[in-house]
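Listed below are the residues making up each chain.
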Amino acid sequence: MNLIKANGYKDLSRKAANVISAQVILKPNSILGLATGSTPVGTYEQLIEWYQKGDIDFSRVTSVNLDEYYGLSPENSQSYRFFMNQHFFEHINIKPENTNVPNGLAGNPEEECERYEKVIADLGGIDLQLLGIGHNGHIGFNEPNISFEKTTHVVELDDTTRKANARFFESLDEVPKKAITMGIKSIMQSKKILLVANGPDKQDIIQKAIFGPVTPEIPASILQFHPDLTVVYSFE
Ligand code: GLP
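Residues numbered from 1 in each chain as written. Predicted model: local features only at pLDDT ≥ 70, side-chain atom pairs only at ≥ 80, totals over all residues.

As recorded in an unreviewed UniProt entry, the protein chain goes by the name Glucosamine-6-phosphate deaminase, listed as coming from Anaerocolumna jejuensis DSM 15929. Under the heading Catalytic activity (unreviewed entry), UniProt records this for the protein chain: "alpha-D-glucosamine 6-phosphate + H2O = beta-D-fructose 6-phosphate + NH4(+)". The record in UniProt for the protein chain states the following under Pathway (unreviewed entry): "Amino-sugar metabolism; N-acetylneuraminate degradation; D-fructose 6-phosphate from N-acetylneuraminate: step 5/5." (UniProt positions renumbered as here; feature names shortened; annotations may be inferred.)

Set out below in structure tokens:
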């Protein structure tokens, strides 16, 4: 495990972007697993800046996102597809058809999970997966007490997660109750993993996830078993 301490959010974003940019420079047709949440936003901003300077090229990159709220359309400003377009894809030269996010409007969500898992398999797996972490240790939307064996599946969101994410919605009632997420198995099969955690409120869960026992009560703790994990953190 590679633990990288950053000095504040800007530094964390630069260090995380460095890992992603090294991946893309060394393998221009990388399959990048991407994440939403507020933490990766600065990482995307840094990558956009380097792209604008001509230092990094996304034209051969394919992306697969971790998760999507069930019931939200791509045009809904709270959907993760909208978030990715707004914060990253629209500002770089990745081909829109090479960006993948689960379809939150799929009529049959179970079928959508199977389709999504097949997309990842057909791409030959994920080269580098970027992850944030929830306060309860969730990664993607794998809430505590999940099975480590699961691939992409439908989840009921925890009340704590809905409350934490309610700040992006008009009210708590509008936060979807379900989501489609890559499972722990899909995540663990990535060749490399980059976990980013920012702020004093993430210190406790990072301590538990990285140094505590590996348990489904803290989904991110399984990452301790990944052979190529980098954690970039700042608790300032
Ligand atoms: C959401 C996302 C997660 C993310 C988490 C933490 O629940 N599904 O992928 O890691 O939020 O978000 P933040 O970085 O805003 O703390």
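Participant: Help me out: how do you make sense of the sheet that holds strand 9 (residues 192–198) in this one?
Facilitator: Within a sheet, adjacent strands bond to each other through the backbone by hydrogen bonds, running parallel or antiparallel. Strands sit in the order 1-10-9-6-2-3-5 across an open sheet of seven strands; the sheet is parallel. With one partner strand each, in any of the chains shown, strand 1 (2–5) and strand 5 (99–100) form the two edges of the open sheet. Sheet topology places strand 6 (residues 128–131) next to strand 9; four bridges connect them, and they run parallel. Following the sheet pairing, Leu-131 is matched in strand 9 by Leu-195. (Pairing = 2+ DSSP bridges. Helix = DSSP H or I, 4+ residues; strand = E, 2+ residues; numbered from the N terminus.)

Participant: What should I look at first to understand the site of the ligand in this one?
Facilitator: The immediate surroundings of the ligand are formed by 14 residues, with Gly-37, Ser-38, Thr-39, Gly-132 and Gly-134 found nearest. Considered class by class, the residues forming the shell around the ligand number four nonpolar, nine polar and one charged. (Near = placed C-beta within 6 Å. Nonpolar A, V, L, I, M, F, W, Y, C, P; charged D, E, K, R; others polar.)

Participant: It is not clear to me how the sheet that holds strand 8 (residues 178–181) should be interpreted in this structure. Could you clarify?
Facilitator: One open sheet holds the three strands; their spatial order is 4-8-7, and the pairing between them is antiparallel. Strands at the two margins of the open sheet, each flanked by one partner only, are strand 4 (67–69) and strand 7 (153–156). Averaged over all adjacent pairs, the angle separating strand axes in this sheet is 25°, with direction ignored. Pairing geometry for strand 7 and strand 8, over four bridges, is antiparallel. (Axes fitted to C-alpha atoms, helices over the stretch in contact; angles between N-to-C directions.)

Participant: What am I meant to see in the pairing of strand 2 (residues 31–34) here?
Facilitator: Regular strands show a simple pattern: their side chains alternate between the two faces of the sheet. On strand 2, burial covers both faces: Ile-31 and Gly-33 on one face and Leu-32 and Leu-34 on the other are all buried. With four bridges connecting them, strand 2 and strand 3 (residues 62–65) associate as parallel partners. Across the sheet, residue Leu-34 finds its bridge partner in strand 3, namely Asn-65. For the handedness criterion, the β-α-β arrangement of strand 2, helix 2 (residues 41–52) and strand 3 is classed as right-handed. Where strand 2 lies against strand 6, two bridges are found, and the strand directions are parallel. Residue pairing for strand 6: Gly-33 is matched across the bridge by Gln-129. (Buried ≥ 20, exposed ≤ 12 C-beta atoms within 10 Å, placed from the backbone. Right-handed = clockwise from strand over helix to strand, strands pointing away.)

Participant: In this structure, what is going on with the confidence of the model for the protein chain? I would like to understand it.
Facilitator: Low-pLDDT portions of the prediction should not be read for the details of their coordinates. In this model, the protein chain carries a mean pLDDT of 97, and residues with pLDDT of at least 70 account for 100%. For this predicted complex, the interface confidence comes out at an ipTM of 0.95, alongside a pTM of 0.97. (pLDDT = per-residue confidence, 0-100.)

Participant: Looking at this structure, how should I read unusual backbone geometry?
Facilitator: Peptide bonds are mostly trans, and most non-glycine residues show a negative phi. Despite not being glycine, Asn-145 has its phi angle at roughly 70°, a positive value. Along the chain, Asn-145 falls in the loop between strand 6 and strand 7. The exposed category is assigned to Asn-145, around which 11 C-beta atoms lie within 10 Å.

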